[in-house]
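Examining the three-dimensional arrangement
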There are 2 protein chains.
Amino acid sequence: MKKIINDPANFVRDTMEGIAFAYAGKVALIDGDVRLLRSTYPRKKGKVGIVTAGGSGHLPLFLGYVGQGLVDGCVVGNVFASPSAAKIEQMIRACDFGGGVLCLYGNYGGDRMNFTLACDSVEFDGIVTHQILVKDDIASAPIDQKEKRRGVAGLVYAYKIAGAAAERMYDIERVVEITQSALQNIRTIGVATAPCIIPNIGSPSFVVEDNQIEIGMGIHGEPGINTSTMMTADELANLLLDKLLDDMPVSSGNTVSVMINGLGSTPLEEQFIFYRAVYMRLKSMGIRIHMPHIGEFATSMEMAGLSLTLFQLDDELKSLLDAPACSPFYTNYNK
Amino acid sequence: MKKIINDPANFVRDTMEGIAFAYAGKVALIDGDVRLLRSTYPRKKGKVGIVTAGGSGHLPLFLGYVGQGLVDGCVVGNVFASPSAAKIEQMIRACDFGGGVLCLYGNYGGDRMNFTLACDSVEFDGIVTHQILVKDDIASAPIDQKEKRRGVAGLVYAYKIAGAAAERMYDIERVVEITQSALQNIRTIGVATAPCIIPNIGSPSFVVEDNQIEIGMGIHGEPGINTSTMMTADELANLLLDKLLDDMPVSSGNTVSVMINGLGSTPLEEQFIFYRAVYMRLKSMGIRIHMPHIGEFATSMEMAGLSLTLFQLDDELKSLLDAPACSPFYTNYNK
């Protein structure tokens, strides 16, 4: 295993300290706890707090979006593992600015259980919480079981919309409603060409054969919907678009934001080659693209492959997507 | 070869079209030529134009820095190959705003030859040009032959400083002088843990054995100064810092900017773990870090490993580094 790390047992600590050192003044660990990262910009009293959480190993997800107009605090667990309910509770309390706290996270069993416990605890102290689970991965369950779907790169759009709504001082009911309406319009599908290695395991957790790709693989290596032989970028873009558009029809004249998300070791060149194919297909269908996001947004360490997200926009969602935002890993340069 | 591409012969075209589609309105191809990318923001008459060039396969280098407060135009060649003199000449003409044009690029034979031919041509038409070659890679030649050194990630700092100086409407002599003074203070060394594959070759151009790393490897796979067994992030950081500080002594009380540059497939987690070690060592020496840059700045497609750059700052350089800048791949969020 060739990773530029120290003791694998310190992987999360070393990563989090690196981030805290690099962005001191923008983000901070709560009481030096390497599992708890919060934003430090001055918040107005009554702003809805937004808390997220998830396993480590997905940078920039989850903690890269701790910043202005995005997420107020993030709790991380071990690699690919949920953080504890106690830590989540601590973060919810730290992100209560008097307007309630929105817990916004991916639909995974451990996170769901621990957020629910944490929300129950803080409720005794009068902190209003709402939970919204992101379920954008269309490959993880069929449409008639969409409540079972996992959350992947669509989380980033959810953070952006919720964060912008909170920054406008909307009340928590409105932030929840807008975020839920955004999530109705967000779909993702991924493809893996090579696995990643969990540091304290030391070997790949799955295999993708030479000249094979795994369509629909999850960001923890969850099996995809089928294995296919390698194809061209254009073919792959069309295949993934077919699946997304089948799940969420988009019509000529509609506007979408497109996210091309490198899973960790996919060169930017390949991401732009793939984007070109997506752009040409959508253009031929009369669909407009607004503010494409291309790069690494939700990775699995050094996994190879990418995911494609479509986010169908109306005027309100477009304006929230355009709203100012900045964090260590997100700026909306391209609005 | 598992790359998400189409015909390898179209690798550069497809990449450049993807970029032009994604950032339409910010950057544009000159006359639709996929080798010529320029910025589209309104420039003041008399601003020094800044042109760079280099081979493809290094995104975000070179063309990701085409933007405000950075580089005005970029010419790309085939993967790892210099673009032609004719294309460079065309870009110099397009970036002449009446204040002369600074040609700022890495010290490679092909680029040097072609820029020199191009500068000679435009001179006949009264366009003043200056050439500055970036030579920051300390592993590519010993200090007594530093004119032979190659340019690597330090290019990004050079773009930032020159771009900010030009944006302040300094005349070309002053932009040149400041950029050269910056380059005196910039040193880089890299380490590769795995090679990359050139698309139209289809197999790795060099081998790094299991559990081995190549210290000082260039961004085209040029051999390093020695092969070593894999070590921890802390050990590696100290080894690379020793080499950099030996080449450019930095004293207690001084301020540096630090760039940790992933070579293509190095997870962000590893980059932050490495940054943590650099931070702790420099802190223990009484050296302050200003505006660290951590991420992918100058890659070799899917090569694994990273480079470390130190940029020693004085007040003027610090102020230029802090100045506003934005391009598809650079914002100075972290100033």
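Going by the annotation in an unreviewed UniProt entry, the name recorded for chain A is DAK1 domain protein, with Christensenella minuta given as the source organism.

**Quick word on the overall build of chain A**
When you go through chain A residue by residue, the secondary structure sums to eight helices and 15 strands. Dimensions along the principal axes, computed over C-alpha positions, put chain A at roughly 55 × 50 × 35 Å. Expressed as a percentage of the 335 residues in chain A, the buried residues total 65%. Look at the contacts in chain A between residues 6 or more apart in sequence, and 73% of them connect residues 24 or more apart. Here chain A carries 29 positive and 37 negative side-chain charges, and the mean point of each set is 5 Å from the other.

**Some words on the relation of the copies chain B and chain A**
Turning one copy of the chain about an axis and sliding it along that axis gives the other copy, so a rotation and a shift relate them. The operation relating chain B to chain A is a screw motion whose rotation component is 180 degrees, with 0.0 Å of axial translation and a residual RMSD of 0.0 Å. Taken together, the turn and the small shift mark the pair as related by a two-fold rotation axis. Minimal C-alpha separation from the rotation axis in chain B is found for Ser265 of chain B, amounting to 1.9 Å.

**What to know about the packing of aromatic side chains**
Residues and elements named next belong to chain A. Summed over all chains, the structure comprises 18 aromatic pairs over all chains. On the numbers, 6.2 Å between centres and 50 degrees between planes, the contact of Tyr275 with Tyr279 is tilted. Taken as a pair, Tyr275 and Tyr279 lie in helix H7 (residues 268-284) at a separation of four residues, close to a single helical turn. Since its relative accessible area comes to 1%, Tyr275 is described here as buried.

**Observations regarding the layout of surface pockets**
Estimated volume of the largest pocket: approximately 1300 Å³. Lining the largest pocket are 41 residues, with Ala194 of chain A together with Ala194, Pro195, Ser265 and Glu302 of chain B positioned closest to its centre. Elements supplying a minimum of two residues to the lining of the largest pocket: strand S7 (186-194) and strand S13 (304-313) of chain A together with strand S7 (186-194) and strand S13 (304-313) of chain B.

**Describing the domain arrangement of chain A**
All names here are of chain A. Each domain of chain A was delimited in the assignment, giving domain 1 (10-184) and domain 2 (186-331). Joining domain 1 to domain 2, the criterion identifies three salt bridges. The partner of Glu316 in a salt bridge is Arg174, with the nearest N and O atoms 3.4 Å apart. At the boundary of domain 1 with domain 2, the tally comes to 23 residue pairs in polar contact (both at pLDDT 80 or more). When residues of the side of domain 1 that touches domain 2 are traced back to their parent elements, those giving at least two are helix H4 (154-167) and helix H5 (172-184). The leading source of residues in the side of domain 1 that touches domain 2 is H4, at eight residues. When its residues are assigned to classes, the side of domain 1 that touches domain 2 shows 26 nonpolar, nine polar and seven charged.

**Section: the sheet that holds strand S6 (residues 129-134) of chain B**
All names here are of chain B. The strand order across the open sheet built from six strands is S1-S2-S4-S3-S5-S6, with neighbouring strands paired in mixed fashion. Either end of the sheet is taken by a strand with one partner, and the two such strands are strand S1 (27-29) and S6. The sheet shows a mean angle of 20 degrees between the axes of neighbouring strands, taken without regard to direction. Note that strand S3 (residues 49-56) and strand S4 (residues 73-79) share five bridges and pair parallel. Directly across from Ser56, in S4, lies its bridge partner Val79.

**Structural notes on empty space enclosed by the protein**
A complete count under the given rule lists five cavities of 30 Å³ or more for this structure. Approximately 970 Å³ is the volume attributed to the largest cavity. Every residue lining the largest cavity is counted, 40 residues in all, and those nearest its centre are Pro328, Phe329 and Tyr330 of chain A together with Pro328 and Phe329 of chain B. For the lining of the largest cavity, the secondary-structure elements that each account for two or more residues are H7, strand S12 (293-295) and strand S15 (330-331) of chain A together with helix H7 (268-284), strand S12 (293-295) and strand S15 (330-331) of chain B.

**Some words on the pattern of salt bridges**
Here the structure, examined in full by the defined rule, presents 32 salt bridges over all chains. The shortest N-O distance in the salt bridge between Lys87 of chain A and Asp33 of chain A comes to 2.5 Å. Taken together, the residues Lys87 of chain A in helix H2 (residues 85-94) and Asp33 of chain A in the loop between strand S1 (27-29) and strand S2 (36-39) connect sequence positions 54 residues apart. Assessed through its relative accessible area of 16%, Asp33 of chain A is described here as buried. Salt-bridge contacts for Arg276 of chain A lead to Glu17 of chain B; the nearest nitrogen and oxygen are separated by 2.7 Å. Note that Arg276 of chain A is positioned in helix H7 and Glu17 of chain B in helix H1 (residues 11-22), a pairing that runs across two chains. Comparing Arg276 of chain A with Glu17 of chain B, the two get one shared label, buried.

Analysis parameters
- Residues numbered from 1 in each chain as written.
- Chains lettered and ligands numbered in written order.
- Predicted model: local features only at pLDDT ≥ 70, side-chain atom pairs only at ≥ 80, totals over all residues.
- Heavy atoms only, no water.
- Helix = DSSP H or I, 4+ residues; strand = E, 2+ residues; numbered from the N terminus.
- Buried < 20%, exposed > 50% of the residue type's maximum accessible area, 1.4 Å probe, protein only.
- Contact = heavy atoms within 4.5 Å.
- Lys, Arg positive; Asp, Glu negative; His and termini not counted.
- Charge placed at Lys NZ, Arg CZ, Asp CG, Glu CD.
- Least-squares fit on C-alpha atoms with pLDDT ≥ 70 in both.
- Phe/Tyr/Trp six-rings, centres within 6.5 Å; stacked < 30°, edge-to-face > 60°.
- 1 Å grid on protein atoms, 1.4 Å probe; cavity = no way out; pocket = protein on both sides within 12 Å on 5 of 7 lines; lining within 4 Å.
- Points joined across faces, edges and corners; volume = space filled by probe spheres on them.
- Domains from an automatic or database assignment.
- Salt bridge = Lys/Arg side-chain N within 4 Å of Asp/Glu carboxyl O.
- Polar contact = N/O pair within 3.5 Å; in protein donor to acceptor, adjacent residues only side chain to side chain.
- Nonpolar A, V, L, I, M, F, W, Y, C, P; charged D, E, K, R; others polar.
- Pairing = 2+ DSSP bridges.
- Axes fitted to C-alpha atoms, helices over the stretch in contact; angles between N-to-C directions.

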